[in-house]
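Next come the chains, spelled out residue by residue.
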Amino acid sequence: MYRLQYAIRFLFVSSAFVYWLFPIYLSIWPGIVNTSIYHIVPALYILFHWRKLTELFLHISAKRYFVVSAVFFLFAIFWALCTILYNNTSDYSYFMKLFIVIRSIYVDLFLLLLAIQAVPHGTLLERFSYFWCSAVTVSVLFTVISLLFPGVRIFWESILVRTDISEQFFENAMYITRFGIGGFAGFLNTIIASIAVILSYYLLERGRSIGLFFLFFSLLGNLFYGRIGILLSAVALLFLFIRTLSLRKSLKHIFWGSLVLGVVSGIFLLSDDPLLEAWKIWLMQPVEDFLTGLSIGQLSFGSSGDKLVYGMYFWPDDTTFLLGDGRYTNSDESYYMHTDAGFMRIILYFGLIGAAFVYGSFILLILAVLSTPQKEKFILYMSEILTVIFFLTEYKGEAYPLYFGIAMVIFLCNGKDTCSEGAYNA
């Protein structure tokens, strides 16, 4: 009976991670229902389980950095209002981006509470990692199923909320693999998969062999959802190999991981299916363009890479650079100044001062993790590499809210006496 209850609880929590990491907005009911489920349920759960969350905070010894981090974020909100008033723009759209930071934190804390109550043993971060990696695996498996059985994709698309942007991507043949359980799977999905790569490695370090299974599907998710994720995961793995393994073990892991991933990828790449051929072109384009550019003495990163490097970055005037223009979107809801590069968007909106508050808030949160007495060195390494990929991601696009949530989870999981086996059970 206990095993059945445990299995049901595990399945329920796994489903929750899938839903809140890859939101499934169904068209069968009004949009307000989708929004309410996604936002209100986690908030209510935390409210009713506030004491359990408080217990985690009580074990934290580095509260000072956390408090200063929160103050920095409040200054960012205040400065966002100041830049709107200074520029007289009435563009409050950026406040939604700042709200997503808060949402990312309370959603991930909600998932953490679910995870540590669903699994009775292991460190807090282990329990959380199981479910995060499981959710990524489910999404990737769903993508594989939708590729093998197009009817599944057609049906699933028919019951999801569709937008003009998703329609444009769905019609692009090269994006055939960028379809997950929540619909279009792109930039954010590949970052979630990259974080799963780090968490999978953590499970391997803890002696959990299932981490290798999760690692494989996380890397496959990078190949499906976004090429930037391949770079992020490669940097993360290289860093973790250097910090945790001998050269011999590192090369062994790289060899076997590359072999398995290469065999599976080769099956797709050698397929005669014209849609998978389009995916192959999308996947290999940056590499081919880079090699072609070198042969003629030019530096190229592919069409999207060149657009980012040479088209999305420019030097604004000094006032804009320092204070921002107070504009995040144009009147037609396109990106202000038609750039979606992360560093540019935040600078154009509220300048270097606002960017310093936002990025400073994240760095202080990481410092809170680093300054906590370490029970596990890997958490130290994880915090370091998260900071690296945070700024790599920002060069490509604006996804910093996602990192605040996972950083908060690591911060709480690194508290005194909270990382021991079975330390926090329901």
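Residues numbered from 1 in each chain as written. Predicted model: local features only at pLDDT ≥ 70, side-chain atom pairs only at ≥ 80, totals over all residues. Heavy atoms only, no water.

### Quick notes on the overall build of the protein
Part 1: Helices and strands together make up the secondary structure of the protein, namely 18 helices and 2 strands.
Part 2: Here the protein, with 426 residues, has 50% of them falling under the buried criterion.
Part 3: For the protein, the proportion of contacts with a sequence separation of at least 24, taken over those separated by at least 6, is 75%.
Part 4: When the accessible area of the protein is evaluated, it comes to approximately 20200 Å², of which 69% is carbon and sulfur surface. (Helix = DSSP H or I, 4+ residues; strand = E, 2+ residues; numbered from the N terminus. Buried < 20%, exposed > 50% of the residue type's maximum accessible area, 1.4 Å probe, protein only. Contact = heavy atoms within 4.5 Å. Areas by Shrake-Rupley, 256 points an atom, 1.4 Å probe, with all protein chains shown as cover.)

### Some details on the confidence of the model for the protein
Part 1: Averaged over every residue, the pLDDT of the protein is 81; the share at 70 or more is 77%.
Part 2: Note on residues 416–426: pLDDT under 50 across the span, and 39 contacts to partners over four residues away in sequence or across chains. (pLDDT = per-residue confidence, 0-100.)

### Section: helix 4 (residues 63–87)
Part 1: If you check helix 4, its first and last C-alpha atoms are 36 Å apart, about what 25 residues at 1.5 Å a residue would give, namely 36 Å.
Part 2: Tucked inside the fold, the buried residues of helix 4 contact helix 5 (94–118), helix 15 (318–323) and helix 16 (342–370).
Part 3: Positive phi appears at N88, one or two residues downstream of helix 4, with a value of about 50°. (Expected span 1.5 Å × (residues − 1).)

### Topic: the pattern of salt bridges
Part 1: Inspection of every chain in the model, using the stated rule, returns 5 salt bridges.
Part 2: Its salt-bridge partner being R153, residue E157 comes within 2.7 Å of it at the nearest N-O pair. Residue E157 and its partner R153 are both found in helix 7 (residues 150–159); the two are separated by 4 residues, about one turn of the helix. The residues E157 and R153 share a single accessibility class, namely buried.
Part 3: Of the charged contacts, one joins E384 and R243 as a salt bridge, the two residues approaching to 2.9 Å between their closest N and O atoms. Within this pair, whereas E384 is found in helix 17 (residues 377–396), its partner R243 is found in helix 11 (residues 227–244), the two being separated by 141 residues in sequence.
Part 4: Since its relative accessible area comes to 25%, E384 is described here as partly exposed.
Part 5: By sharing partners, the salt bridges in this structure join E126, R206 and R208 into a single network. (Salt bridge = Lys/Arg side-chain N within 4 Å of Asp/Glu carboxyl O.)

### Structural notes on the packing of aromatic side chains
Part 1: Here the structure, examined in full by the defined rule, presents 40 aromatic pairs.
Part 2: Here Y19 and Y38 contribute two aromatic rings whose centre-to-centre distance is 6.3 Å and whose plane-to-plane angle is 50°, an arrangement assigned as tilted. In this pair, Y19 is assigned in helix 1 (residues 2–21) and Y38 in helix 2 (residues 31–48), connecting sequence segments 19 residues apart.
Part 3: Measuring from centroid to centroid gives 5.6 Å for Y201 and F241, while their planes differ by 65°, and the two rings are edge-to-face. Pair noted here: Y201 is in helix 9 (residues 187–205) and F241 is in helix 11, with a separation of 40 residues, a long-range link. (Phe/Tyr/Trp six-rings, centres within 6.5 Å; stacked < 30°, edge-to-face > 60°.)

### Topic: the nonpolar core
Part 1: One finds F17 and W132 to be the most contacted residues of the largest nonpolar core, which totals 118 residues.
Part 2: The dominant element in this core, judged by the number of residues it contributes, is helix 5, at 15 residues.
Part 3: Residue contacts for F17: discarding those within four places in its chain leaves F22, L111, A115, F128, F131, W132 and A135. (Core = buried A, V, L, I, M, F, W, Y, C linked by side-chain atoms within 4.5 Å.)

### What to know about the packing of helix 9 against helix 17
For any two helices packed against each other, one specifies the crossing angle of their axes together with the interaxial distance.
Part 1: One can describe the packing of helix 9 onto helix 17 by two numbers: an axis separation of 12 Å at closest approach and a directional angle of 165°. Taken together, helix 9 and helix 17 sit at an angle that is classed as roughly antiparallel. As helix 9 runs across helix 17, the sense of the crossing is right-handed. Where helix 9 approaches helix 17, its residues F187, I191, I195, I198, L199, Y201, Y202 and E205 are matched on the opposing element by F378, M382, I385, L386, I389, T393 and K396.
Part 2: Grouping the constituent residues of the contact of helix 9 with helix 17 by class yields 12 nonpolar, 1 polar and 2 charged. (Axes fitted to C-alpha atoms, helices over the stretch in contact; angles between N-to-C directions. Parallel < 35°, antiparallel > 145°, perpendicular 65-115°, else oblique. Left-handed = near helix turned anticlockwise from the far one by under 90°. Nonpolar A, V, L, I, M, F, W, Y, C, P; charged D, E, K, R; others polar.)

### Observations concerning the packing of helix 5 against helix 6 (residues 124–148)
Part 1: Where helix 5 contacts helix 6, the axes come no closer than 8 Å and their chain directions differ by 105°. Relative to helix 6, the element helix 5 lies roughly perpendicular. Touching D108, L111, L112, A115, I116 and A118 of helix 5 are L124, R127, F128, F131 and W132, all from helix 6.
Part 2: Here the residues of the contact of helix 5 with helix 6 sort into 9 nonpolar, no polar and 2 charged.

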